[in-house]
Amino acid sequence: MSSLLDVNGLTMRFGGLLAVNNVALKLNEKEVVSVIGPNGAGKTTVFNCLTGFYKPTAGQILYRGEALQGLAGHQIARKGIVRTFQHVRLFKDMSVIENLLVAQHRHLNTNFLAGLLKTPSFKKSEADALAFAEYWLEKVDLKEFANRKAGNLAYGQQRRLEIARCMVTRPEILMLDEPAAGLNPKETDDLDKLIMDLRDNEGVSVLLIEHDMKLVMGISDRIYVVNQGCPLANGSPEEIRNNPEVIKAYLGEF
Ligand SMILES: Nc1ncnc2c1ncn2[C@@H]1O[C@H](COP(=O)(O)OP(=O)(O)OP(=O)(O)O)[C@@H](O)[C@H]1O
């Protein structure tokens, strides 16, 4: 299994607060890896460092051996690492399908003149983008809502649309920040299946922050536990479930 992401010594300081302290993490191809820990443990800060929203105070982030630390968010996204956020961030006044078309603008083989003249290559690239958007709408079970305003979808549907919007950019790594928060049991079950499908059939590696332990234990290949910014443990779901320190710091709460 080849390694996609190798993070070492990741540290993020906000003034006097050490939010992330010497965290190491590895993500291999076609893996689902979860980062868990109590509220305020530093999980989202780790995501923000990996995706270029924060410039880490120290540490190394290697993506296929290439250093990412210090790159801007859009540069990291272009390399194939995309994410969702704890709170839904869609273009709420656009339709569902438009959200997926806008996300693909970088893949459109176009320039201003080609668009103006509607050249054959422009039309082909537009048709491809539409077909790809439809493929992902089908996958996330939103095809019948293609023309609905994204802001008018139910919450669980908006969360699935966010995942589709990431996927139309053809990422290699998908990072999901608490995707099950606010979902009902059926929606969480659908999310569970979708994440496994991404890994098993779409060849994507998933890095997940999640508090829903049933979901985490069911789908993760490996789990990292952070506590007060520091790495506490890592291992298989079975190892984490039975780790006394993890139970004391976190799982005991459940
Ligand atoms: N931009 C910032 N400026 C100052 N402090 C911050 C900033 N971002 C995060 N923090 C602090 O860093 C710590 C870690 O926060 P973070 O959001 O990463 O935790 P988390 O594990 O994701 O928590 P949760 O599970 O509640 O989402 C917290 O004490 C938080 O207040």
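Not measured: the values here are computed from a predicted model.

Quick notes on the rules
- Residues numbered from 1 in each chain as written.
- Predicted model: local features only at pLDDT ≥ 70, side-chain atom pairs only at ≥ 80, totals over all residues.
- Core = buried A, V, L, I, M, F, W, Y, C linked by C-beta atoms within 7 Å.
- Buried ≥ 20, exposed ≤ 12 C-beta atoms within 10 Å, placed from the backbone.
- Domains from an automatic or database assignment.
- Contact = placed C-beta atoms within 7 Å.
- Near = placed C-beta within 6 Å.
- Helix = DSSP H or I, 4+ residues; strand = E, 2+ residues; numbered from the N terminus.
- Nonpolar A, V, L, I, M, F, W, Y, C, P; charged D, E, K, R; others polar.
- Axes fitted to C-alpha atoms, helices over the stretch in contact; angles between N-to-C directions.
- Parallel < 35°, antiparallel > 145°, perpendicular 65-115°, else oblique.
- Left-handed = near helix turned anticlockwise from the far one by under 90°.
- Arc of directions from axis to C-beta.

Judged by nonpolar contacts, the single largest core of 67 residues is most densely connected at Leu137, Ala164, Leu174, Val206 and Val225. Mapping this core onto the domain boundaries places at least three of its residues in each of domain 1 (1-79 + 207-254) and domain 2 (91-154). Residues within four places of Ala164 in sequence aside, it is in contact with Leu100, Trp136, Leu137, Lys139 and Val140.

What follows covers the domain arrangement of the chain. Per the domain assignment, the segments of the chain are domain 1 (1-79 + 207-254) and domain 2 (91-154). Relative placement of domain 1 and domain 2: their C-alpha centres are 32 Å apart.

Every residue close to the ligand is listed here: Phe14, Leu17, Ala19, Gly37, Asn39, Gly40, Ala41, Gly42, Lys43, Thr44 and Thr45. Elements with a contribution of two residues or more to the shell around the ligand: β2 (17-28) and α1 (43-50). Per-element accounting of the shell around the ligand gives the leading share, 3 residues, to α1. Among the residues making up the shell around the ligand, the classes are represented as 4 nonpolar, 6 polar and 1 charged.

The next point concerns the packing of helix α3 (residues 96-103) against helix α6 (residues 155-167). At a minimum axis distance of 8 Å, the contact between α3 and α6 shows a crossing angle of 30°. Compared by their axis directions, α3 and α6 come out roughly parallel. Judged by the sense of rotation from one axis to the other, the crossing of α3 with α6 is right-handed. Contacts from Val96, Asn99, Leu100 and Ala103 in α3 reach Leu161, Ala164 and Arg165 in α6. Its residues assigned to classes, the contact of α3 with α6 comprises 5 nonpolar, 1 polar and 1 charged.

Every buried residue belonging to α3 is among Val96, Ile97, Asn99, Leu100 and Ala103, and all of these are buried. In an axial view of α3, the angular spread of the buried residues amounts to 155°, which keeps them on one side of the axis. Summarising the contacts, the buried residues of α3 are in contact with α5 (120-139) and α6.

Take the environment of Asn22 next. Within the secondary structure, Asn22 sits in strand β2. For Asn22, a count of 14 C-beta atoms within 10 Å corresponds to the partly exposed category. Considering only alpha carbons, one finds Asn22 and Gly229, 207 residues apart in sequence, at a separation of 8.1 Å. For Asn22, the residues in contact, after removing those within four places along its chain, are Gly9, Thr11 and Cys230.

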